[in-house]
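Reading the structure
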Amino acid sequence: MDIYAHRGSSGTHPENSLAAFHEAARLPIYGVEFDVHLTKDGELVVIHDETIARTSDGKGFVKDMTLAELRSFDFGSWFSDEFRGELIPTLYEVLEIFSETSHHLNIELKSDIFPYEGMVGEVVAMVQKMKLDARVVISSFDHEAVRAVKKIAPHIETAALFMEVLVDPLDYMRTIPADALHISLPYAARPSMRKVVETGVAVRVFTVNEVKYAEALRKIGVTALFTDYPKKMMIHLNRK
Ligand code: G3P
Ligand code: CA
């Protein structure tokens, strides 16, 4: 079972920060996950929420600010003083870190609340320009965006994100179409999801921070888990 560092090593570092990604890059884990939004001036930035209030010393919507404006805020001290001065990363900066490693990259398009125009094309173009196509899975709760990725770059792996029960997940993913399913932990062991696992389709589960759940998922045979504590999870799963 593969381990992805969720929003970087976000349990030990400020989520989606360069510090969190450098920590993940140092670990011999399978991959890293992160979230992408679009700024007012069309820059791809890595942050989870639509607003910067929770993870910086500023406030406001990412879509209403330019990259320069966003760069004036501190994205580290909300987590701990040790990380004061962290800036919001661009997608390019994050991809650059991992272009030096062999980690797999899960880029989550956060276009489910605001359907950022042009975002899909720009993300795909950057992935291709940096020759990361074979190491990337692009996911979203916005299944229209997942469909759009497949349309313009059929060779790039895509995943549909879910936080609910689906009667027939395989049937639904074919209608998008998506290559993989990324499912929230409470729904991962449902009979319908176990059927998907049995077919060999990739099923990855978020967010798994307790080793007892990781053990259970490994027994079921899921492909991967996303965790805020990749080092702890890696040490535990390697020991067993
Ligand atoms: O991509 C898996 C997971 O990150 C999706 O949920 O809210 O943490 O972005 P969220
Ligand atoms: Ca995410």
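Basis of the calculations
- Residues numbered from 1 in each chain as written.
- Chains lettered and ligands numbered in written order.
- Predicted model: local features only at pLDDT ≥ 70, side-chain atom pairs only at ≥ 80, totals over all residues.
- Helix = DSSP H or I, 4+ residues; strand = E, 2+ residues; numbered from the N terminus.
- Rg over C-alpha atoms; globule rule 2.2 N^0.38 Å.
- Buried ≥ 20, exposed ≤ 12 C-beta atoms within 10 Å, placed from the backbone.
- Contact = placed C-beta atoms within 7 Å.
- Axes fitted to C-alpha atoms, helices over the stretch in contact; angles between N-to-C directions.
- Parallel < 35°, antiparallel > 145°, perpendicular 65-115°, else oblique.
- Left-handed = near helix turned anticlockwise from the far one by under 90°.
- Pairing = 2+ DSSP bridges.
- pLDDT = per-residue confidence, 0-100.
- Core = buried A, V, L, I, M, F, W, Y, C linked by C-beta atoms within 7 Å.
- Near = placed C-beta within 6 Å.
- Nonpolar A, V, L, I, M, F, W, Y, C, P; charged D, E, K, R; others polar.
- UniProt positions renumbered as here; feature names shortened; annotations may be inferred.
- Arc of directions from axis to C-beta.

A few words on the overall build of the protein. Helices and strands together make up the secondary structure of the protein, namely 9 helices and 9 strands. In summary, the protein has a C-alpha radius of gyration of 17 Å against a globular reference of 18 Å for 240 residues, a match within 12%. Judged by the C-alpha coordinates and their principal axes, the protein covers about 50 × 40 × 30 Å. Evaluated residue by residue, the protein yields a buried proportion of 45% over its 240 residues. Contacts spanning at least 24 positions in sequence make up 53% of the contacts within the protein whose residues lie at least 6 apart.

A separate point is the packing of helix α1 (residues 18–26) against helix α3 (residues 91–99). Following both chains from N to C, one finds α1 and α3 inclined at 15°, their axes separated by 10 Å at the closest point. The pairing of α1 with α3 is recorded here as roughly parallel in orientation. α3 is crossed by α1, and the crossing has right-handed handedness. Residues L18, F21, H22 and A25 of α1 form the contact with α3, whose own contacting residues are E93, V94, I97 and F98.

Okay, the pairing of strand β8 (residues 203–206) next. Looking down a regular strand, the side chains alternate between one sheet face and the other. By the alternation rule, side chains of β8 split into V203 and V205 and R204 and F206, which are all buried. Note: strand β7 (residues 180–184) against β8, 4 bridges, orientation parallel. Paired with L181 across the bridge in β8 is V203. Alignment of β8 against strand β9 (residues 224–227), held across 2 bridges, turns out to be parallel.

Low pLDDT means the predicted coordinates in that region are not meant to be read closely. For the protein, the average pLDDT comes to 97, and 100% of its residues sit at 70 or higher. With a pTM of 0.98, the predicted complex shows an ipTM of 0.99.

One finds V123, V149, V205 and L225 to be the most contacted residues of the largest nonpolar core, which totals 68 residues. In this structure, V205 is in contact with I183, L185, A188, L217, V222 and L225, ignoring residues within four places of it in sequence.

On to the site of ligand 1, then. Neighbouring residues of ligand 1: H6, E33, D35, H48, E108, S139, L161, H182, F206, T207 and F226. Grouping the constituent residues of the shell around ligand 1 by class yields 3 nonpolar, 5 polar and 3 charged.

This part is about the UniProt feature "domain: GP-PDE" (unreviewed entry) in the protein. Here the UniProt-annotated "domain: GP-PDE" (unreviewed entry) positions come out as residues 1–237. The span residues 1–237 is 32% helical and 19% strand by assignment, and the distance between its end C-alpha atoms comes to 9 Å.

In this section: helix α5 (residues 143–152). Within α5, the full set of buried residues consists of A145, V146, A148 and V149. Looking down the long axis of α5, one finds its buried residues gathered within 160° of arc, a one-sided arrangement. Every exposed residue of α5 that faces more than 90 degrees away from the buried side is listed here: E144 and K151. Here the buried face of α5 lies against β4 (104–109), α4 (119–129), β5 (136–140) and β6 (157–162).

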